[in-house]
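Structural characterization, general
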Amino acid sequence: MSNGTKRIITATINGNETTMAIDNRMSLLQALRDVAGMTGTKEGCLTGDCGACSVILNGRVVDSCLVMAAEADGAQLETVEGMARGQELHPLQTQFLEHAALQCGICTPGFLVAAKALLDRNPNPTEEEIRYWLAGNLCRCTGYRTIIEAVQDAAAELKTSAR
Amino acid sequence: MKPLEFHAPTTLDEAIGLLAAGGQDVGILGGGTDLIIQYRAGRRAFGHMLDVKKIPELNVLSYDDATGLRLGAAVCCDAFTEYAPALKHYPGLVEGAELIGSTQIQSRATVGGNVCNGSPAADTICSLIVLGATCVVAGPGGTREVAAKDFMTGPGQTVLQPGELLVELRVPPRPARSADAYLRFIPRNEMDIAVAGAATTLTLAEDGTTVQDARVAIGAVGPTPILVEAAGAALVGRKLDAAALDAAAKASEAAANPISDVRGTAEFRRHLAGVLTRRTIEIAAHRIQQG
């Protein structure tokens, strides 16, 4: 439904059909955080350089700051809030904790979502493939070594679990 | 920022109508990786945004041995670079598309948008030029075709007139014993804009060593990408020995018309045009020999 410069959109977010009243100027990032109240997705650079706002849109990982909210009408979205099952963390989340792959944590949801998109497509990535895939996610605290190791160990864990 | 109307037409006619009605007040949204940044920074101001991703004609992705590749202007780089016929027949074009931004950007950015943004540093335009690609443009007067080498007219400038949009890119099939290659220089491994770039296509004669046809284009070394006809001519009829490679590299250096800026000096860029020309020729020849 469209009413000039505002509209109602409906998207499936982590399996739940969600209706949002948005202004057409909004990004998907703003709609998620300020309208749907899902603040797990973080705002970083707003220019598509840092990856903090990564979400999976119709099966591909995108920077939600560079998606207009209006584009998400009818879309399938996955955000960091959809990764854990209740109290059970996703193996990527567990491994980020095990490896202490974060300090301030602002970049972490973006890394988790981007890494999930990688493992959904390629369950057995090489270190080089992980590094290239995550080149659009910036961390300014830890460096990347522990993050890469966490993704490698999560991949191994996912292969042996039924998840 | 003034109020924004958002349109997502599902037919080309509807899109052309909206463009005609909106005039200069319409921003065309493909992947948005340039447009949304320009919009938010106030460098582009408009009251209407036209999302073209629901138009079937802009989502074509097909290959036919007789007619070649059809690449809709709204197909994202990730979809294009995983399309097996593209990688098989146009590896240089695919490697250019793979260089555009991060994984997240690849999910959104399009080859069509890379061309429409009009940057002389665009990573796909040199390949499209040497491959002899055609840009299919639709507007109020119907459709017209523009050769890729004529599409960009200056930094940020293209032949697109108000009311027109890019529908698809058509790339002719390759002759036997042909391959292409693209390289750019950046001071890091990922996530940067070309300091200089070069694309080459080669076709070898039946003897497998004599060059039958060659084209070289260089980017980010002038206000528009440059088709270096002298570089191709320096190779045709010759074996790819050191003298032939030197001649082609020298031709690209001579054709380059770079500026000095934060990414590099004019002198360095001119040098790079030669180096990248030489290397793309070697890669294309290697690809032909590998079959």
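Fair warning: this is a prediction, and the values are worked out from it, not measured in the lab. (Residues numbered from 1 in each chain as written. Chains lettered and ligands numbered in written order. Predicted model: local features only at pLDDT ≥ 70, side-chain atom pairs only at ≥ 80, totals over all residues.)

Moving on to the sheet that holds strand 2 (residues 26-29) of chain B. Residues and elements named next belong to chain B. Strand order in the open sheet formed by three strands is 1-3-2, and the pairing between neighbours is parallel. The two strands at the open ends of the sheet, each matched to only one other strand, are strand 1 (5-7) and strand 2. Strand-to-strand twist of the sheet, defined as the mean angle between neighbouring strand axes without regard to direction, takes the value 20 degrees. In terms of strand pairing, strand 1 meets strand 3 (residues 48-51) through three bridges, oriented parallel. Opposite Glu5, over in strand 3, you have His48 as the bridge partner. (Pairing = 2+ DSSP bridges. Helix = DSSP H or I, 4+ residues; strand = E, 2+ residues; numbered from the N terminus. Axes fitted to C-alpha atoms, helices over the stretch in contact; angles between N-to-C directions.)

Core analysis: the largest hydrophobic core is formed by 143 residues, its most contacted members being Ala196, Ala217 and Ile218 of chain B. Those residues in contact with Ala217 of chain B, other than ones at most four positions away along the chain, are Cys126, Ile129, Val130, Ala199, Pro225, Ile226, Leu227 and Val228 of chain B. (Core = buried A, V, L, I, M, F, W, Y, C linked by C-beta atoms within 7 Å. Buried ≥ 20, exposed ≤ 12 C-beta atoms within 10 Å, placed from the backbone. Contact = placed C-beta atoms within 7 Å.)

So, on to the interface of chain A and chain B. Taken residue by residue, the interface counts 23 residues in chain A and 23 residues in chain B. When residues of the side of chain A that touches chain B are traced back to their parent elements, those giving at least two are strand 5 (60-63) and helix 4 (127-133) of chain A. The element best represented in the side of chain A that touches chain B is strand 5 of chain A, accounting for four residues. In the side of chain A that touches chain B, the residues fall into 11 nonpolar, eight polar and four charged. (Nonpolar A, V, L, I, M, F, W, Y, C, P; charged D, E, K, R; others polar.)

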